[in-house]
Amino acid sequence: MIPLKSKREIEMMRAAARKLKTVFQELRRSIKIGMTTLEMDEKAERLIEAQRAKPAFKGYRGYPACICTSVNEEVVHGIPSKRRLKEGDLLSLDIGLIHGGYVSDAARTWAIGRAKDEAVELMEVTKRALFVGMAQMKTGNRLGDLSHAIQDYVESCGFSVVRDFVGHGIGRDMHEDPQVPNFGKPGRGPKLEVGMVLALEPMVTAGSWEVDILEDAWTVVTRDRQLAAHYEDTIALTEAGPENLTGPQAFDEELSDSFLIKT
Ligand code: MF3
Ligand code: CO
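Residues numbered from 1 in each chain as written. Chains lettered and ligands numbered in written order. Predicted model: local features only at pLDDT ≥ 70, side-chain atom pairs only at ≥ 80, totals over all residues. Heavy atoms only, no water.

Q: Is there a simple way to think about the nonpolar core in this case?
A: Side chains of nonpolar character tend, in soluble globular proteins, to be buried together. With 30 residues, the main nonpolar core has Met137, Leu146, Val154, Phe159, Leu192, Leu198 and Leu200 as its most contacted residues. The set of elements that each furnish at least two residues to this core consists of helix H3 (117-135), helix H4 (143-156), strand S9 (197-200) and strand S14 (233-238). With eight residues, H3 is the largest single contributor of residues to this core. Residues in contact with Leu146, not counting those within four places in the same chain, are Gly133, Gln136, Met137, Val180, Leu192, Leu198 and Leu200. In this structure, Val23, Ala53, Leu91 and Ala106 belong to the second largest nonpolar core, which totals 24 residues. (Core = buried A, V, L, I, M, F, W, Y, C linked by side-chain atoms within 4.5 Å. Buried < 20%, exposed > 50% of the residue type's maximum accessible area, 1.4 Å probe, protein only. Helix = DSSP H or I, 4+ residues; strand = E, 2+ residues; numbered from the N terminus. Contact = heavy atoms within 4.5 Å.)

Below, the structure written as structure tokens:
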């Protein structure tokens, strides 16, 4: 069953999403070369508390931290640790928070300092993939239209989409129906309706789409150990069309959120 949200509920989700945006902005500003991912997690926890919100990931199925920090060949669910960020690292940062009973979930991938051209291209394609999917999030379409558009775009750029992890409906629970794959066939799946709120989250790899899970039972890495990027936003389908609650409405809005972090 796909829970549809009323206008009032979407307004609540907007409020939670605004808090998440602030957390992302402030966390980004605090990133320095040599910082550990655990220090980032501690900072994120304080920022979430300062918003009078609660971290959505901590304790979720036993997950030990507030954020996921996935570096280079790590795709998603990297656990914050004593690992220090170094120049050229590709950091995917995934954060979820709960406010007023609603969950907001988003992820960004940024390069620390500088990055190779291929890494910048990978980040750009991953972000664009989200907007390609969002453009298909309209009444009259089916979920498969959205999934297919993302896959088609990413593969046309020579990259791959991860199959083993997918986006999801979101609301009172972080993971609600439907699952939102970044691959699929047009015309398939449930019809999209006003009131649906989806976390679109393209996970894009430079090489093959195959992934492994590390010994820690969480960290997802590319099997070929090539780079991966992750971009996620919480998006509502309103009467006026799709509305990105946690991020920009278009690829080239909010240029302050560039792919390179000056340190
Ligand atoms: N954004 C991720 C997701 O949608 C984050 C989950 S991490 C977890 O699944 F620890 F909370 F599982
Ligand atoms: Co998610």
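Q: Quick question: what am I supposed to make of the packing of helix H1 (residues 7-30) against helix H2 (residues 37-50) here?
A: Helix-helix packing: each pair is described by the crossing angle between the helix axes and the interaxial distance. Direction vectors running N to C along H1 and H2 enclose 145°, while the axes themselves pass 10 Å from each other. H2 is crossed by H1, and the crossing has right-handed handedness. Across the interface between the two elements, Val23, Glu26, Leu27 and Ser30 of H1 pack against Met40, Lys43, Ala44, Leu47 and Ile48 of H2. Its residues placed into classes, the contact of H1 with H2 shows six nonpolar, one polar and two charged. (Axes fitted to C-alpha atoms, helices over the stretch in contact; angles between N-to-C directions. Left-handed = near helix turned anticlockwise from the far one by under 90°. Nonpolar A, V, L, I, M, F, W, Y, C, P; charged D, E, K, R; others polar.)

Q: Explain the side chain of Thr69 here, please?
A: Relative to the helices and strands, Thr69 resides in strand S2 (residues 67-71). Excluding residues that lie within four positions of it along the chain, Thr69 makes contacts with Thr37, Glu74, Gly78, Ile79, Pro80, Leu91, Ser92 and Leu93.

Q: Mind showing me how you'd approach the environment of Arg128 here?
A: Within the secondary structure layout, Arg128 lies in helix H3. Between the C-alpha atom of Arg128 and that of Ala149, which follows or precedes it by 21 residues, the distance is 11 Å. With residues near it in sequence (within four places) discarded, Arg128 still touches Tyr153 and Phe251.

Q: Help me understand the site of ligand 1 in this model?
A: Surrounding ligand 1, one finds 13 residues, the nearest of these being Tyr63, Asp94, His168, His175 and Glu232. Measuring from an oxygen atom of ligand 1, one finds a side-chain N or O atom of Glu201 at 3.0 Å. Protein contact buries 95% of the 330 Å² of open area that ligand 1 shows by itself. When atom positions are compared with the pocket grids, ligand 1 is found to occupy the largest pocket. (Near = heavy atom within 4 Å. Polar contact = N/O pair within 3.5 Å; in protein donor to acceptor, adjacent residues only side chain to side chain. Areas by Shrake-Rupley, 256 points an atom, 1.4 Å probe, with all protein chains shown as cover. 1 Å grid on protein atoms, 1.4 Å probe; cavity = no way out; pocket = protein on both sides within 12 Å on 5 of 7 lines; lining within 4 Å. Sits in = over half its atoms within 2 Å of the grid points.)

Q: Explain the coordination of the cobalt ion (ligand 2) here, please?
A: As a benchmark, a tetrahedral metal site with four donors has ideal angles of 109.5 degrees, while an octahedral site with six donors has ideal angles of 90 or 180 degrees. Ligation of the cobalt ion (ligand 2) by protein atoms is provided by Asp105 (OD), His168 (NE2), Glu201 (OE) and Glu232 (OE), these donors lying 2.1 to 2.4 Å from the ion. Along the chain, the residues donating to the cobalt ion (ligand 2) are arranged with the sequence spacing D-x62-H-x32-E-x30-E. With His168 in strand S7 (residues 167-169) and Glu201 in the loop between S9 and strand S10 (203-205), this pair connects stretches of sequence that are 33 residues apart. Accessibility classification places His168 together with Glu201 in one group, the buried group. (Donors = N, O, S within 2.8 Å, 3.2 Å for Na, K, Ca; no water.)

Q: Which parts of the structure should I look at to understand the packing of H3 against H4?
A: Packing of H3 against H4 brings their axes to within 8 Å, and their N-to-C directions diverge by 150°. In terms of orientation, H3 lies roughly antiparallel with respect to H4. H3 and H4 meet at a crossing whose hand is right-handed. On H4, the residues touching Val125, Arg128, Ala129, Val132 and Gly133 of H3 are Leu146, Ala149, Ile150, Tyr153 and Val154. Each residue belonging to the contact of H3 with H4 can be placed in one class, and the counts come to eight nonpolar, one polar and one charged. (Parallel < 35°, antiparallel > 145°, perpendicular 65-115°, else oblique.)

Q: I keep staring at the sheet that holds strand S6 (residues 160-161) and nothing clicks. Help me out?
A: Either a parallel or an antiparallel arrangement is found when strands of a sheet pair, and the pairing is made through backbone hydrogen bonds. Taken together, the three strands give an open sheet; going across it, the order is S6-S10-S13, and neighbouring strands pair in antiparallel fashion. Two strands lie at the open edges of the sheet, namely S6 and strand S13 (228-230), each paired on one side alone. Here S10 pairs with S13 via three bridges, running antiparallel. Bridge pairing in S13 places Met203 opposite His230. Contacts from H3 reach S10 and S13, with the element oriented near 35° to S13. (Pairing = 2+ DSSP bridges.)

Q: Please clarify how H3 should be interpreted in this entry.
A: One turn of the α-helix equals 3.6 residues, which is why residues spaced by three or four share an orientation. Spanning 19 residues, H3 covers 27 Å between terminal C-alpha atoms, matching the ideal 27 Å at 1.5 Å per step. Inspection of H3 places Ala119, Leu122, Met123, Val125, Thr126, Lys127, Ala129, Leu130, Phe131, Gly133 and Met134 among the buried residues, and these make up the whole buried set. (Expected span 1.5 Å × (residues − 1).)

Q: Explanation requested: the sheet that holds strand S3 (residues 74-76) in the structure shown.
A: Pairing in this open sheet of three strands is antiparallel, and the strands run S3-S12-S11 from one edge to the other. The open sheet terminates on both sides in strands that have one partner only, identified here as S3 and strand S11 (211-213). Looking at each pair of strands side by side, their axes are set apart by 40° on average, direction ignored. Where S3 and strand S12 (residues 220-222) come together, two bridges link them in antiparallel fashion. Residue pairing for S12: Glu74 is matched across the bridge by Val221.

Purely geometric stuff here, so don't read any function into it on its own.
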